[in-house]
Amino acid sequence: MVSHELALKHLILPLRREAGTLSVAMADPSNIVALNDIKFITGLDIQVSLASEIELKGALDKLYEGEISYDNIFEDFDNVDDVELMEQSDEVDVQALERATEDAPVVKLVNAILTDAIKKGASDIHLEPYEKVFRVRFRIDGVLYEIMKPPFKLKNAITSRVKIMADLDIAERRLPQDGRIKLKLGHRREMDFRVSVLPGLFGEKVVLRLLDKSNLQTDMTKLGFSEDQMKLFQEAIYRPYGLVLVTGPTGSGKTTTLYSAITELNKPTINISTAEDPVEFNLAGINQVQMHDDIGLNFAAALRSFLRQDPDVIMVGEIRDYETAEIAIKASLTGHLVLSTLHTNDAPSTINRMLNMGVEPFLVASSINIVVAQRLARRICESCKQPLEVSPEVLVNIGIPPAEAKHTEVFYGTGCGKCNGTGYKGRVALYECMPMTEDLKEFVLNGASAAEIKREAIRLGMLTLRSSGLAFLKEGVTTVEEVLRVTVADT
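Residues numbered from 1 in each chain as written. Predicted model: local features only at pLDDT ≥ 70, side-chain atom pairs only at ≥ 80, totals over all residues. Heavy atoms only, no water.

1. Digging into the sheet that holds strand β6 (residues 143-148)
If you trace the six strands from one edge of the open sheet to the other, you get β6-β5-β4-β9-β8-β7, paired in antiparallel fashion. The sheet is open, and its two borders are formed by β6 and β7 (177-185), each paired with just one other strand. Shown here is a sheet whose adjacent strand axes are inclined to one another by a mean of 25°, direction ignored. Where helix α6 (residues 104-119) meets the sheet, it contacts β4 (122-129), β5 (134-140), β6, β7, β8 (189-200) and β9 (203-211), and its direction lies at approximately 145° from that of β4. (Pairing = 2+ DSSP bridges. Helix = DSSP H or I, 4+ residues; strand = E, 2+ residues; numbered from the N terminus. Axes fitted to C-alpha atoms, helices over the stretch in contact; angles between N-to-C directions. Contact = heavy atoms within 4.5 Å.)

2. Side note on the side chain of glutamate 280
Mapped onto the elements of the fold, glutamate 280 is located in the loop between β11 (272-276) and β12 (287-290). The exposure class of glutamate 280 is buried, given its relative accessible area of 17%. Dropping the residues within four chain positions of it, glutamate 280 is found in contact with Arg180, Arg194, Arg209, Leu211, Thr255 and Tyr259. (Buried < 20%, exposed > 50% of the residue type's maximum accessible area, 1.4 Å probe, protein only.)

3. Focus: the nonpolar core
Counting residues in hydrophobic clusters, the biggest one holds 44 residues, and the most contacted among them are Ile351, Ile368 and Met434. Other than its neighbours up to four places away in sequence, isoleucine 368 contacts Leu243, Leu245, Ile351 and Met436. One finds Ala117, Val162, Phe193 and Leu208 within the second-largest nonpolar core, a separate group that totals 31 residues. (Core = buried A, V, L, I, M, F, W, Y, C linked by side-chain atoms within 4.5 Å.)

4. Digging into the packing of helix α12 (residues 347-356) against helix α17 (residues 450-459)
Close contact between α12 and α17 brings their axes to 8 Å; oriented N to C, the two are set at 140°. Put simply, α12 runs oblique to α17. α12 and α17 meet at a crossing whose hand is right-handed. Each of Pro348, Ser349, Ile351 and Asn352 in α12 lies in contact with α17, whose residues at this interface are Ala450, Ile453 and Lys454. Of the residues that constitute the contact of α12 with α17, the class distribution is four nonpolar, two polar and one charged. (Parallel < 35°, antiparallel > 145°, perpendicular 65-115°, else oblique. Left-handed = near helix turned anticlockwise from the far one by under 90°. Nonpolar A, V, L, I, M, F, W, Y, C, P; charged D, E, K, R; others polar.)

5. A few points about the pattern of salt bridges
Summed over all chains, the structure comprises 24 salt bridges. Across the pair glutamate 204 and lysine 163 runs a salt bridge, and its minimum N-O distance is 2.9 Å. With a gap of 41 residues between them, glutamate 204 in strand β9 and lysine 163 in helix α7 (residues 155-165) connect regions that are remote in the sequence. For glutamate 204, a relative accessible area of 9% puts it in the buried group. Overall, the relative accessible area of 0% leaves lysine 163 in the buried class. Its salt-bridge partner being aspartate 277, residue arginine 320 comes within 3.7 Å of it at the nearest N-O pair. Of this pair, arginine 320 sits in the loop between β13 (313-316) and α11 (322-333) while aspartate 277 sits in the loop between β11 and β12, and the two are 43 residues apart along the sequence. (Salt bridge = Lys/Arg side-chain N within 4 Å of Asp/Glu carboxyl O.)

6. Looking at the environment of alanine 377
Note that alanine 377 resides in strand β15 (residues 368-380). Assessed through its relative accessible area of 1%, alanine 377 is described here as buried. Between the C-alpha atoms of alanine 377 and leucine 484, which are 107 residues apart in sequence, the distance is 9.8 Å. For alanine 377, the contacting residues outside a window of four places in its chain are Gly426, Arg427, Val428, Leu430, Thr478, Glu482 and Val486.

Okay, structure coming up:
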């Protein structure tokens, strides 16, 4: 009785019909326009119940659309002309490509891929051309899953459709390009897609990163820090000056941790400036600067400019070279709090990475407040969580003390509709917090190796990534496989 378009437009969900009355759930019961629309279309009296926006969005997605059927969309492709272009030729028939991207089946398929990725909670979409196959993969909770293989002859049309949506040059197929797509979804919800196009051997590979501000977690207490780690991290970011480094591979949640830190520090009395590449989320009250290497606006140039802008807190997206490291350290030693990221395997090896860049040991020792390494492990789906029989020997081998191993109960997910049959739903961050104590400063100044620094940090009470993972394993949050996947054994 109430169409999906109408339900989304007014964020309204019909519940039941009794005689001449239709009961509906709404987020805004004072919306008279919506009530009049429903009353006019159904010809029934309307009785309103209150529900939250999040619950309504979830219910509308589940009850109206369900799973997207790509098979139904592919039926429309039977009548589509072959729009394949010769790969060997640099000549591009732009008009032919534009016509192909406007075909209803192509538009429908691309829209379905984007919508399905949002529903499945994907963080990235990969559109990958190979010699005879074109495939689509989603990264869900950090793991890639193959979703489908569209008709091979449409690979250029699909790629070009995404490029047009991202306002990129469809005639340029030899150089990498970057762009952005902004979609409006229903009632006051927007989704950003960061688009990266890379020319490959058999065509352009497109990767879209989904940026959903509604899922951005900026509450530090919900990130995954243990009580002791939270205390160490907060002490480091509340110091008036110094360097706070968050390390880990791409996609390990470093940006989220930094955003949560600057959100915590964000007060009217503090001037915060960030240099990012790219700016992933807009944060109110914070001066965010997008990097443009092609015109000379890199991290080092932005940092120099920040120091003339009366800053209190500076965030640098990443320390990639000596020049950026030198300015960041000098800023941290002259009364500014500097937050940044590095790509290293764990917290102790960050010290050696800084030294390898050419930074003097005494500068590293005196500037760093804390180094935080992190990884993301998948959470067990609560809807299909079951105990798992594991021998104590297995638990001892991964690092649980023998006395505890006998009494440790572990769990796994059997797979259900809510987790797409994977057994996992959502992720939790594992942290390794290494504050730069006086003892560790001595080790750095004496030229100790990463292994020696790690042993000393553990002796001083540092909880390693593996220990952090085992703590979540014992709490029944994650599985043995996930702990082994994202952490290495402590030596």
